[in-house]
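Inside the fold
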Amino acid sequence: QVLLVESGGGLAQTGGSLRLSCAASGRTFSDYGMGWFRLAPGKEREFVAAISWVGGRTYADSVKGRFTISRNNTKNTVYLQMNSLKPEDKAVYYCAAGLQDWKYWGQGTQVSVSS
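Calculation notes
- Residues numbered from 1 in each chain as written.
- Predicted model: local features only at pLDDT ≥ 70, side-chain atom pairs only at ≥ 80, totals over all residues.
- Heavy atoms only, no water.
- Salt bridge = Lys/Arg side-chain N within 4 Å of Asp/Glu carboxyl O.
- Helix = DSSP H or I, 4+ residues; strand = E, 2+ residues; numbered from the N terminus.
- Buried < 20%, exposed > 50% of the residue type's maximum accessible area, 1.4 Å probe, protein only.
- Disulfide = S-S within 2.5 Å.
- Core = buried A, V, L, I, M, F, W, Y, C linked by side-chain atoms within 4.5 Å.
- Pairing = 2+ DSSP bridges.
- Axes fitted to C-alpha atoms, helices over the stretch in contact; angles between N-to-C directions.

Counting across every chain of the model gives four salt bridges. Linking R38 and D89 is a salt bridge whose minimum nitrogen-to-oxygen distance equals 3.0 Å. Placement of the pair is R38 in strand 4 (residues 33–39) and D89 in the loop between strand 8 (77–82) and strand 9 (91–98), with a sequence separation of 51 residues. Classification of D89 by relative accessible area gives buried; the value is 1%. Among the ionic pairs, R66 bridges to D89, the shortest N-O distance being 2.7 Å. Note that R66 is positioned in the loop between strand 6 (57–59) and strand 7 (67–72) and D89 in the loop between strand 8 and strand 9, a separation of 23 residues in sequence. Grouping residues by exposure puts R66 and D89 together as buried. Each member of the salt-bridge network shares a partner with another, and the members are R38, E46, R66 and D89.

In C-alpha cells, the structure reads:
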C-alpha cells in the first residue's frame, strides 16, 4: 500500500513558477514509477510527466521544456517544478505511483494561473 499526499499548489501569474511535491508512504517508494497527471474543468485527465525507478523521465509535449519532474528516494518524495506557467496549465494536479500501472493516486492539489 502506498499513500500519496500532494502539496505546493496555489496561484501563480502567467510566466511564473510553482513546485509541487508528493510525499509517499511505504518502504518500497524507490521501486515505483511516479507520475503527475492533471484534470482541468471540462477536459479529460491528462498525463503530465513521469519518472521511473531508475530516474528516466517522460513529459507531455505541452509541458516539455517548462516542467521538470524529479524524485528524492531518501525523502520518499517526487517533485514537479513548473516554470513559464500558462493559463492552460490551470488544473488539479494528481500524483500517481505504480509498478506496471498507476495503481495509487493522491488527492490532488489545485494549480491556478492568472493571465
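The structure having been displayed, the exposition proceeds.
This paragraph deals with the state of the cysteines. Tallied over the entire structure, the rule returns one disulfide. The disulfide partner of C22 is C95, and the S-S distance across this bridge is 2.1 Å. Handedness of the C22-C95 disulfide follows from its S-S torsion of about -80°: it is left-handed. With C22 in strand 3 (residues 18–24) and C95 in strand 9, this pair connects stretches of sequence that are 73 residues apart. The two residues C22 and C95 agree in class, both being buried.

Judged by nonpolar contacts, the single largest core of 30 residues is most densely connected at L4, M34, W36, L80, M82 and Y93. Of all the secondary structure elements, the ones that give two or more residues to this core are strand 3, strand 4, strand 5 (46–51), strand 7, strand 8, strand 9 and strand 11 (109–114).

The next point concerns the sheet that holds strand 1 (residues 4–7). Strands sit in the order 1-3-8-7 across an open sheet of four strands; the sheet is antiparallel. Single-partner strands in this sheet number two, and they are strand 1 and strand 7. Strand-to-strand, the axes of this sheet are offset by a mean angle of 15°, without reference to chain direction. Direction of pairing for strand 1 relative to strand 3: antiparallel, over a ladder of four bridges. Its bridge partner being in strand 3, L4 is matched across the sheet by A24.

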